[in-house]
Amino acid sequence: MAAQEARKGVFYGTFAYTMWGCFPLYFALFDGVPAWEVVIHRVIWSCLFLAFTVTFLKRWQPVRVALAQPAKLGFVLGCAVLIAVNWGVYIYAVETRQVLQASLGYFLTPLVNVGLGMLVLKESISRLQILAVVLATLAILYQLFLLGVVPWITLVLAFSFGTYGLLRKQVALDGLSGLFVETLLLLPVAIMALTALNYSGASHFSEDAATTLLLISSGAVTAVPLLAFAGAARRLRLATVGFLMYINPTIQFLIALTVFSEPLSVEKLTSFIMIWIALAIYSWSAWAGRTKSLT
């Protein structure tokens, strides 16, 4: 039974991260729709879809408890703002064909989590993990000095998602309920922004049937991989989920090269290789620490 549940967990985790990895193909369809407008619709339709999902799964109790304590919603609001920024920058990266920078950001995220845990939460980390963080920092500095530009998409995606994870640790909500409350807090702002768009005639929502359906579908596209991830997290060890996580940026990296034909200079490739080595060091350290704790 345990082995069967683990296989289900691997399937759910692989499905979730594969779907997230294929997001560039989906968001590339929003041709001509500004990233911030896509985010507005993603918030609105995600909130509606998640409300339906929470109702179907009978998971309203944790949502009610959270909303009944508005004084404790500060961290949730912070999470909501960070995830909205992450969504917006990611969609912008896809629209401007900078998916390589986006994939590098998600490769970098685990190392940002380690660094934030050390600096903010005062967590103790191994020497190998410190080496991994230093190597990742050198990779970004290498790209900065040789290319002469700040890889801001990489940094914003990595630090917004990393900080999101940091704040999320302070919120006593599961993934589904947490994301629903986060989008619920953003909903009034999204509705006001959509109203302003419609009033000014700048909205793309009713431009054509394809665009309308795409914008509506963003709700389900946001929630489905989250539900699959939740199913994986319940069945698998955290270390296993962590290794599956690399599926996402790897697929994005391959899509950037093969589908979008983004140029990969020697400097960018070197930066990626440095990050990959850092991730290998981090993964080995995490695995070795887990093995040691079991003996």
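See the structure printed just above.
About the cut-offs
Residues numbered from 1 in each chain as written. Predicted model: local features only at pLDDT ≥ 70, side-chain atom pairs only at ≥ 80, totals over all residues. Heavy atoms only, no water. Helix = DSSP H or I, 4+ residues; strand = E, 2+ residues; numbered from the N terminus. Contact = heavy atoms within 4.5 Å. Phe/Tyr/Trp six-rings, centres within 6.5 Å; stacked < 30°, edge-to-face > 60°. Buried < 20%, exposed > 50% of the residue type's maximum accessible area, 1.4 Å probe, protein only. Lys NZ or Arg CZ within 6 Å of the ring centre and 35° of its normal. Axes fitted to C-alpha atoms, helices over the stretch in contact; angles between N-to-C directions. Parallel < 35°, antiparallel > 145°, perpendicular 65-115°, else oblique. Left-handed = near helix turned anticlockwise from the far one by under 90°. Nonpolar A, V, L, I, M, F, W, Y, C, P; charged D, E, K, R; others polar. Core = buried A, V, L, I, M, F, W, Y, C linked by side-chain atoms within 4.5 Å.

A. How the structure looks around the side chain of Thr109. Summarising the element assignment, Thr109 is placed in helix α6 (residues 99-119). Those residues in contact with Thr109 that sit more than four places away from it in its chain are Leu157, Ala158, Phe161 and Gly162.

B. Layout of the packing of aromatic side chains. Within the structure shown, the criterion is met by 21 aromatic pairs. Consider the rings of Tyr17 and Phe229, whose centres lie 6.0 Å apart with planes at 80 degrees: the pair is edge-to-face. Of this pair, Tyr17 sits in helix α1 (residues 2-21) while Phe229 sits in helix α10 (residues 209-235), placing them 212 residues apart in sequence. A relative accessible area of 8% means that Tyr17 is categorised as buried. Under the relative-accessibility criterion, Phe229 is labelled partly exposed at 25%. Residues Phe52 and Phe56 carry aromatic rings whose centres are separated by 6.4 Å and whose planes lie at 20 degrees to one another, so their mutual orientation is stacked. Residue Phe52 and its partner Phe56 are both found in helix α3 (residues 35-56); the two are separated by 4 residues, about one turn of the helix. In this structure, Phe52 and Phe56 share a single accessibility class: exposed. Here a set of aromatic residues connected by ring pairs shows up, and it is made of Phe23, Tyr26, Phe27, Phe30, Tyr90, Tyr106, Phe161 and Tyr164. Over the aromatic face of Trp87 sits the side chain of Arg42, whose NZ or CZ is 4.2 Å from the ring centroid. Lying over the aromatic face of Phe260, Arg97 brings its terminal NZ or CZ to 4.4 Å of the ring centre.

C. The arrangement of the packing of helix α5 (residues 74-95) against helix α8 (residues 152-168) in detail. It is at 9 Å that the axes of α5 and α8 come closest, and there the two elements cross at 155 degrees. Between α5 and α8, the angle is such that the two are roughly antiparallel. Seen from above, α5 lies across α8 with left-handed handedness. Counted together, Phe75, Gly78, Cys79, Leu82, Ile83, Val85, Asn86, Val89, Tyr90, Tyr92 and Ala93 of α5 and Trp152, Ile153, Val156, Leu157, Ser160, Phe161, Thr163, Tyr164, Leu167 and Arg168 of α8 form the full contact between these two elements. The class makeup of the residues in the contact of α5 with α8 is 16 nonpolar, 4 polar and 1 charged.

D. Broad picture of the nonpolar core. In terms of nonpolar packing, the biggest core is built from 78 residues, with Phe27, Phe30, Tyr90, Leu108 and Ile275 touching the most fellow members. The biggest single contributor to this core is α5, with 12 residues. If we skip the residues at most four places from it in the chain, Ile275 touches Leu104, Phe107, Leu108, Ala136 and Ala139.

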